[in-house]
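Each chain is listed here by its residues.
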Amino acid sequence: MVDWLAASGIASVVLRYRLLPRFSIEESLDDLEAAVRRVRQMRSGPVAAIGFSAGGHLIASLGLRANGTLLDPNPNPNPNPDPDPDPDPDPNPDHDPNPDPNPNT
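Residue positions are given per chain, counted from 1 along the sequence in the order it is written. Since the coordinates come from a predicted model, pLDDT governs what is reported: local features require at least 70, and pairs of side-chain atoms require 80 or more to be given and counted, while whole-chain, interface and lining totals use all residues. With hydrogens and water stripped out, all remaining heavy atoms of the structure feed into the side-chain values.

*Asks:* Help me out: how do you make sense of the overall build of the protein in this one?
*Replies:* Helix and strand counts for the protein stand at three helices and zero strands. Each helix is a run of H or I in the DSSP string that is no shorter than four residues. Each strand is a run of E no shorter than two, and both are numbered from the N terminus. Tracing the protein from N to C terminus, the helices and strands come up as α-α-α. Only protein chains enter the area calculation, which uses a 1.4 Å probe; residues under 20% of their type maximum are buried, those over 50% are exposed, and those in between are partly exposed. For the protein, the proportion of its 105 residues judged to be buried stands at 10%. It only takes one pair of heavy atoms within 4.5 Å for two residues to be counted as in contact. Within the protein, residue pairs in contact and separated by at least 24 positions form 57% of the contacts whose partners lie at least 6 positions apart.

Spelled out as structure tokens, the structure:
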């Protein structure tokens, strides 16, 4: 992969990171994060990451961690901020869904 990228004029680095189960995923992510910082010190401009299998998972996880969404202790599975959305709004707003059974009293 590195040779193929180099033939296209793309600089690349190969990361060796600590592996499960001996180390935690957090330690693996720390290794990747340190590598990203190092690459950004060495090169300006855009940086891309390629990973396969566990490496791809780490790249995606680092993106989530950087975004503050990895292992969120209070995830909100419902992106709708309305706590009580009406899934079937009445098309006729003048219609009273609970009419008074005794309108003359």
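*Asks:* Explain the packing of aromatic side chains here, please?
*Replies:* Aromatic ring pairs are described here by two measures, namely the spacing of the ring centres and the angle between the planes. Paired rings are identified among Phe, Tyr and Trp, the last through its six-membered ring, by centres lying within 6.5 Å, and are further divided according to the angle between planes into stacked (under 30 degrees), edge-to-face (over 60) and tilted (the rest). Throughout the structure, instances matching the rule amount to zero aromatic pairs. The cationic tip of Arg18 hangs over the ring face of Phe23; the distance from NZ or CZ to the ring centre is 5.7 Å. Here, a charge over a ring is recorded when the distance from Lys NZ or Arg CZ to the ring centre is within 6 Å and its angle to the ring normal is within 35 degrees.

*Asks:* Just to check I follow, could you spell out helix α3 (residues 54-66) for this structure?
*Replies:* Compared with the 18 Å implied by 1.5 Å per residue over 13 residues, the 18 Å span of α3 between its first and last C-alpha is a close match. Against the buried residues of α3 lie α2 (25-42). Gly68 sits one or two residues past α3 and shows a positive phi near 80°. Multiplying one less than the number of residues by 1.5 Å gives the expected span of a helix.

*Asks:* Can you help me understand unusual backbone geometry in this one?
*Replies:* The phi angle of most residues is negative, glycine excepted, and most peptide bonds adopt the trans form. Residue Pro21 is reached from Leu20 by a cis peptide bond, and omega for that bond is 0°. With respect to the element layout, Pro21 can be found in the loop between α1 (2-7) and α2. A positive phi angle is found at Ser53, which is not glycine, with a value near 55°. Take Ser53: its relative accessible area is 72%, and that puts it in the exposed class.

*Asks:* For this particular structure, what's the right way to read the pattern of salt bridges?
*Replies:* Side-chain pairing between opposite charges can occur once the charged atoms of the two side chains come close. When a carboxyl oxygen of Asp or Glu lies within 4 Å of a side-chain nitrogen of Lys or Arg, that pair is called a salt bridge. For the structure shown, the criterion picks out six salt bridges. Here Glu26 and Arg65 are joined by a salt bridge, their closest N and O atoms 2.8 Å apart. Note that Glu26 is positioned in helix α2 and Arg65 in helix α3, a separation of 39 residues in sequence. In this structure, the salt-bridge partner of Arg37 is Glu33, at a minimum N-O distance of 3.9 Å. With Arg37 and Glu33 both in helix α2 and four residues apart, the pair spans about one turn of that helix. Judged by relative accessible area, Glu33 falls into the partly exposed class, the value being 31%.

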